[in-house]
Amino acid sequence: MTPLKFRMRRRRGSESMRALTRETRLHVTDLVLPIFVAERESDAGPVSSMPGVERYAVCQLERFAERLNGSGVLALMLFGIPAKKDAEGSGAWNDDGVVCQALRQLRELLPDLTLIADVCLCEYTSHGHCGMLNGEAVDNDRTLVALQKAALAYARAGADIVAPSGMMDGMVAAIRNALDENDQTDTAILSYAVKYASAFYGPFRDAADCAPSFGDRRTHQMDPANHREAQREAEIDLQEGADMLMVKPALSYLDVLSGLHHAFKGVPLAAYQVSGEYSMIKAAAANGWIDERKIALETLLSIKRAGADMILTYFALDAARWLHQDS
Ligand code: PBG
């Protein structure tokens, strides 16, 4: 037999050889932990659809900070669960609302952390939609005013980054203006620019109690069939002043993530491994069908390889521990 010309296996023969030729590495500083904070203690506790995820009451944040301290995780994404909801979602911009209270506490407990506040009305509206309604439709432009007030309140309460997630047109420009006119020029905007109308958000809607009471979110979130449209969404949000962009969900949209990574070289990209992605792994692992640790790390690595600079994941604390053990 003629000798083989190509032997790719030469580089895979030992762990040190594999390490030398490894192209992508997951690091704890890539990870952002989403956290649910409840205004009422009675709303705190484990989230049944997301094993291992817990909602903390504002008064329990000290315990949370102890868990986080020393983990190496550097950033949090905050979601609030208000005591009361109304048709306008006014709890979202209340200076004493749950997210503002949590931001002030966390700022004090964890001064070096980057605090990101999700900006959307769906957790605060009685109907569960991401904006104010006009009949049964979400009123884009009236919602922008509410998002401005919410983003400003969060910036003032200590958020380093505000992250509008409602897919309203003009949300980034509206928020940038409101921040700049009110002396919050240093607050960054991470836009959920490319957010698909996805069934993977199911467990989150339990956790944050924000399922729409009628209809769905397909009039503002993107059609999962579209990739080129994602480029357009990204372009517009960058022109409006976004500092960073997000793709969401992650695993089913790695092509989109990779496309944006190549198209917008100077822009930090985030990807959100959403609740459904997390809970599927948890459920299969609980059945003994997959290895949770290996699968979780493999999915996170693939998200990084596709082009994410930061990854929002409910596995952040576990992954931080696993990465530490591996190193
Ligand atoms: C909206 C928001 C949602 C998620 C993050 N921000 C829910 C939605 O759009 O219905 C989903 C996150 C997840 O599934 O983990 N505020």
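Up top is the structure.
Residues numbered from 1 in each chain as written. Predicted model: local features only at pLDDT ≥ 70, side-chain atom pairs only at ≥ 80, totals over all residues. Heavy atoms only, no water.

Q: Explanation requested: the packing of helix α8 (residues 254-263) against helix α10 (residues 292-306) in the structure shown.
A: To describe two helices that pack against each other, one gives the angle between their axes and the distance between the axes. Following both chains from N to C, one finds α8 and α10 inclined at 35°, their axes separated by 8 Å at the closest point. Between α8 and α10, the contacting residues are Leu 254, Leu 257, Ser 258 and His 261 on the first element and Ser 302, Ile 303 and Ala 306 on the second. In terms of residue class, the contact of α8 with α10 is built from four nonpolar, three polar and no charged. (Axes fitted to C-alpha atoms, helices over the stretch in contact; angles between N-to-C directions. Helix = DSSP H or I, 4+ residues; strand = E, 2+ residues; numbered from the N terminus. Contact = heavy atoms within 4.5 Å. Nonpolar A, V, L, I, M, F, W, Y, C, P; charged D, E, K, R; others polar.)

Q: Would you mind going over the site of the ligand with me for this structure?
A: Near the ligand you find 17 residues, and of these Lys 195, Arg 205, Lys 248, Ser 275 and Tyr 314 are the closest. Within the contact set of the ligand, a nitrogen atom lies 3.3 Å away from a side-chain nitrogen or oxygen of Asp 118. The side chain of Ser 275 places a nitrogen or oxygen atom 2.7 Å from an oxygen atom of the ligand. Bound to the protein, the ligand loses 100% of the 410 Å² it would expose on its own. (Near = heavy atom within 4 Å. Polar contact = N/O pair within 3.5 Å; in protein donor to acceptor, adjacent residues only side chain to side chain. Areas by Shrake-Rupley, 256 points an atom, 1.4 Å probe, with all protein chains shown as cover.)

Q: Help me understand the nonpolar core in this model?
A: When a protein is soluble and globular, its nonpolar side chains tend to lie buried together. Ranked by internal contacts, the top residues of the largest apolar core, which has 120 residues, are Leu 76, Met 77 and Tyr 154. Apart from the residues lying within four places of it in its own chain, the contact partners of Leu 76 are Val 32, Leu 33, Ile 35, Phe 64, Leu 68, Leu 106, Leu 110, Leu 113, Thr 114, Leu 115 and Ile 116. (Core = buried A, V, L, I, M, F, W, Y, C linked by side-chain atoms within 4.5 Å. Buried < 20%, exposed > 50% of the residue type's maximum accessible area, 1.4 Å probe, protein only.)

Q: For this particular structure, what's the right way to read the pairing of strand β5 (residues 114-119)?
A: On any regular strand, side chains alternate: one points to one face of the sheet, the next to the other face. Counting buried residues in β5 gives five out of six residues, a clear majority hidden from the surface. Running through helix α3 (residues 98-109), the crossover from strand β4 (residues 75-81) to the neighbouring parallel element β5 is right-handed. Strand direction decides the pairing type here: β5 and strand β8 (residues 161-164), joined by four bridges, are parallel. Among the inter-strand pairings, Val 119 is bridged to a residue of β8, identified as Pro 164. (Right-handed = clockwise from strand over helix to strand, strands pointing away. Pairing = 2+ DSSP bridges.)

Any link to function would need more than the numbers given here.
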